[in-house]
Amino acid sequence: MFVIIMGPPCAGKGTQAERLAKEFALPHISTGDIFRSAVKEGTEMGKKAKEYMDKGHLVPDEIVVGIVKERLSRPDCKEGAFLDGFPRTVNQAEALDEVLRELDMKIDAVICIDADEDALIARLTGRRVCRNCGATYHIRFNPPQVRNICDHCSGELYQRSDDSIDTVKERFAIYKKQTLPMFDYYRGKYPVININGSKQIDEVYDAVISSLKDICKLKEF
Ligand code: AP5
Ligand code: MG
Ligand code: ZN
């Protein structure tokens with residue numbers, strides 16, 4: 001099953017993708033996470049990506065597409081994947097179609113998680129991410145068992161450098177301008193599922209699963 005998860009900043013793409021990937025035993029591929037790992041490792045690509053990320057701008061398509069192509073070519077993606085935060089321009093969506101054609105794969109569904117902008121901005125300050133494995137928490141809505149420690153790997157939790165009010169406003173503006181037009185590209189081409197992301201994490205998850213069930217006619221999971 002190959003599923004794209006899109007939505008504005010803090011909509012819950014990563015939270016839901018992480019859970020779905022576990023449930024379906026498929027890779028969770030987040031371009032944001034890939035860039036953050038590269039920044040942490042201090043690679044040339046990471047240094048370049050950081051310049052864009054800290055301003056809330058998109059990393060250029062030619063960098064992103066190459067990374068995703070390489071990742072999707074790995075054997076663990078043979079049965080599919082949950083793509084989180086990619087594509088996010090029409091150009092990237094076209095490039096992804098081309099990559100999938102080469103790999104003989106196809107998109108089963110495009111999930112768009114959305115919620116009111118003010119509510120999403122309110123989530124921002126409480127987000128914490130594991131420095132080691134990238135797992136996402138929220139101090140109120142999804143707290144770790146021990147404060148500032150990851151449940152999965154005991155890594156230290158930190159606040160993303162692009163989680164400031166100014167940067168997130170820019171990320172919202174870019175989402176509207178560059179990512180929303182992707183809807184027109186996908187509508188009619190693949191099943192597009194709109195999910196209300198303002199509900200609680202478990203409710204959002206149930207809504208996603210139920211829609212995927214309808215679309216993919218999945219029987220057991
Ligand atoms: P990326 O990391 O993808 O950031 P984003 O799109 O802004 O989305 P977020 O990760 O902020 O939010 P999310 O939807 O994953 O929410 P989460 O689950 O964490 O990209 C970062 C940057 O990398 C971009 O700005 C760009 O520079 C670059 N980049 C990445 N991909 C690119 C691409 N394809 N092309 C070019 N550049 C690219 O949840 C948020 C918080 O809310 C968490 O604390 C969570 O616990 C909590 N929460 C989640 N769901 C709920 C809920 N239902 N109720 C209450 N709280 C909730
Ligand atoms: Mg994310
Ligand atoms: Zn961790």
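Each remark here, short or long, concerns the structure printed above.
Everything numeric in this text was worked out from a predicted model, so none of it was measured.

Trainee: Give a detailed account of the packing of helix 1 (residues 13–24) against helix 9 (residues 201–216), specifying residues and quantitative values.
Mentor: Packing of helix 1 against helix 9 brings their axes to within 10 Å, and their N-to-C directions diverge by 55°. Considered as vectors, helix 1 and helix 9 are oriented oblique to each other. For helix 1 against helix 9, the interelement crossing comes out right-handed. In this structure, helix 1 uses Thr15, Gln16, Arg19, Leu20, Glu23 and Phe24 to contact helix 9, whose residues at the interface are Ile201, Asp202, Val204, Tyr205, Val208, Ile209 and Leu212. The residue inventory of the contact of helix 1 with helix 9, partitioned by class, reads eight nonpolar, two polar and three charged.

Trainee: Please set out the site of ligand 1 residue by residue, giving values where relevant.
Mentor: Thr15, Thr31, His57, Arg88 and Arg127 are the nearest of the 36 residues found near ligand 1. Measuring from an oxygen atom of ligand 1, one finds a side-chain N or O atom of Arg36 at 2.8 Å. Note that an oxygen atom of ligand 1 is positioned 2.6 Å from one of the side-chain N or O atoms of Arg127. Bound to the protein, ligand 1 loses 97% of the 1,000 Å² it would expose on its own.

Trainee: Mind laying out the pattern of salt bridges, listing which residues take part and the relevant values?
Mentor: All told, the structure shown has 17 salt bridges when counted by the stated rule. The closest approach of N and O atoms between Glu156 and Arg131, which form a salt bridge, is 3.1 Å. Note that Glu156 is positioned in the loop between strand 6 (136–138) and strand 7 (157–158) and Arg131 in the loop between strand 5 (127–130) and strand 6, a separation of 25 residues in sequence. Ionic pairing is found between Asp163 and Arg171, a salt bridge with its closest N-O pair at 3.4 Å. Each member of the pair, Asp163 together with Arg171, is buried. Among the charged side chains, a network of salt bridges with common partners joins Arg127, Arg160, Asp162, Asp163 and Arg171.

Trainee: So what's going on with helix 4 (residues 61–72)? Residues and values would help.
Mentor: Taking 1.5 Å of rise per residue, the 12 residues of helix 4 would be expected to cover 16 Å, and the 16 Å separating its terminal C-alpha atoms lies within 8% of that figure. What helix 4 keeps buried is the set Asp61, Ile63, Val64, Val65, Ile67, Val68, Arg71 and Leu72. Here the buried face of helix 4 lies against strand 1 (2–6), strand 2 (28–30), helix 2 (31–41), helix 3 (44–53) and helix 5 (90–103).

Trainee: So what's going on with the coordination of the zinc ion (ligand 3)? Which residues, and what values?
Mentor: Only Cys130 (SG), Cys133 (SG), Cys150 (SG) and Cys153 (SG) from the protein reach the zinc ion (ligand 3) as donors, at distances of 2.2 to 2.4 Å. Here the zinc ion (ligand 3) is ringed by four donor atoms whose angles at the metal span 96 to 118°, and the overall shape comes out tetrahedral. For the zinc ion (ligand 3), all donor residues lie on one chain, and their spacing in sequence is C-x2-C-x16-C-x2-C. Highlighted residues: Cys133 in the loop between strand 5 and strand 6 and Cys150 in the loop between strand 6 and strand 7, separated in sequence by 17 residues. With a relative accessible area of 3%, Cys150 lands in the buried category.

Scoring rules and cut-offs
- Residues numbered from 1 in each chain as written.
- Chains lettered and ligands numbered in written order.
- Predicted model: local features only at pLDDT ≥ 70, side-chain atom pairs only at ≥ 80, totals over all residues.
- Heavy atoms only, no water.
- Axes fitted to C-alpha atoms, helices over the stretch in contact; angles between N-to-C directions.
- Helix = DSSP H or I, 4+ residues; strand = E, 2+ residues; numbered from the N terminus.
- Parallel < 35°, antiparallel > 145°, perpendicular 65-115°, else oblique.
- Left-handed = near helix turned anticlockwise from the far one by under 90°.
- Contact = heavy atoms within 4.5 Å.
- Nonpolar A, V, L, I, M, F, W, Y, C, P; charged D, E, K, R; others polar.
- Near = heavy atom within 4 Å.
- Polar contact = N/O pair within 3.5 Å; in protein donor to acceptor, adjacent residues only side chain to side chain.
- Areas by Shrake-Rupley, 256 points an atom, 1.4 Å probe, with all protein chains shown as cover.
- Salt bridge = Lys/Arg side-chain N within 4 Å of Asp/Glu carboxyl O.
- Buried < 20%, exposed > 50% of the residue type's maximum accessible area, 1.4 Å probe, protein only.
- Expected span 1.5 Å × (residues − 1).
- Donors = N, O, S within 2.8 Å, 3.2 Å for Na, K, Ca; no water.
- Tetrahedral: all angles 85-135°; square planar, octahedral: opposite > 155°, others 65-115°.

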